[in-house]
Amino acid sequence: MTATAAAVLMERLGLTEDELCAALGADPLSILSGALDDKPQLPILLALTEEAGERVHPGALQRWMRTPGPAGRPIDHLTAQDYGAFEDALETLAQRGFVIRRAGA
C-alpha cells in the first residue's frame, strides 16, 4: 500500500497523524515511505469506509468519528485497533445515519 492510500484514509476520517499511526499500528516513517505491505488493515479500512464516505458528507463523517454512539466513539475503536467494533459502528451509521443528540437527552 502507498502513502497515498494512508492519506486518503486520514482525510476521509479526519485523523491526525498520531491517530493514523495508532489505527494502523505503524510508525510515521513506514506510513510516509509507503512500507505498509505487512499492514492489511489499510486496504480493509479503506474498503469499509468507502461506502460511508460516499453516503455521508465528508465533514459529517469526520464529526461522526469523534461523536459517542451506542457503543462509544468510533475513533476510540479505531485507535485501539478494535476493528470489529469500528466495523459495527460503521454498520450502525449505515442503518441509522448520523444521529446527534443533545447532551443530557
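The structure reproduced in this document is the subject of the present report. (Residues numbered from 1 in each chain as written. Predicted model: local features only at pLDDT ≥ 70, side-chain atom pairs only at ≥ 80, totals over all residues. Heavy atoms only, no water.)

## What about the overall build of the protein chain?
This is how it is decided: Numbering of helices and strands starts at the N terminus; helices are DSSP runs of H or I of at least 4 residues and strands are runs of E of at least 2. Each residue is placed in one exposure class: buried if its accessible area under a 1.4 Å probe, protein chains only, is under 20% of its type's maximum, exposed if it is over 50%, and partly exposed if it falls in between. Throughout, a contact is declared for two residues whenever any of their heavy atoms are within 4.5 Å. Computed with the Shrake-Rupley method and a 1.4 Å probe, the accessible areas treat only the protein chains shown as cover for residues.
Across its full length, the protein chain carries seven helices and zero strands. Across its three principal directions, the C-alpha atoms of the protein chain cover 45 × 25 × 20 Å. Among the 105 residues that make up the protein chain, the fraction classed as buried is 34%. The long-range fraction of contacts in the protein chain, counting pairs at least 24 apart against all pairs at least 6 apart in sequence, stands at 65%. As displayed, the protein chain offers around 6100 Å² of accessible surface, 54% of which is attributable to carbon and sulfur atoms.

## Side note on helix 7 (residues 83–96)
For clarity, the cut-off: Here the expected length of a helix is defined as 1.5 Å per residue gap, with one fewer gap than residues. By arc we mean the arc of the directions from the helix axis to the C-beta atoms, nothing more.
For helix 7, which comprises 14 residues, the first-to-last C-alpha distance of 20 Å matches the rise-based estimate of 20 Å (1.5 Å per residue) to within 8%. Taken as a whole, helix 7 has its buried residues at A85, F86, A89, L90 and L93. Each buried residue of helix 7 lies within a common arc of 145 degrees when the element is viewed along its axis, so the set occupies one face. Turned more than 90 degrees away from the buried face of helix 7, the exposed residues are D88 and Q95. Packed against the buried residues of helix 7 are helix 1 (3–13), helix 4 (41–55), helix 5 (58–65) and helix 6 (74–79). Within two residues after helix 7, G97 carries a phi angle of roughly 85 degrees, on the positive side.

## Considerations on helix 5
By the burial criterion, the buried members of helix 5 are L61, W64 and M65. Each buried residue of helix 5 sits inside an arc of 105 degrees when the element is viewed along its axis, so together they form one side. Packing partners of the buried residues in helix 5 comprise helix 1, helix 4, helix 6 and helix 7.

## So, the environment of I75
Assignment of secondary structure puts I75 in helix 6. Exposure remark for I75: the relative accessible area of 2% places this residue in the buried category. For I75 and A85, which are 10 residues apart along the polypeptide, the C-alpha to C-alpha distance reads 10 Å. Sequence-distant contacts of I75, defined by excluding residues within four places in its chain, comprise L15, E19, M65 and R66.

## Structural notes on unusual backbone geometry
At Q81, a position not held by glycine, the phi torsion is positive, near 60 degrees. Along the chain, Q81 turns up in the loop between helix 6 and helix 7.

## A closer look at the side chain of T49
Tracing the backbone shows T49 in helix 4. Judged by its relative accessible area of 0%, T49 is buried. Among residues more than four places away in sequence, those in contact with T49 are L9, R12, L13, F86 and L90.

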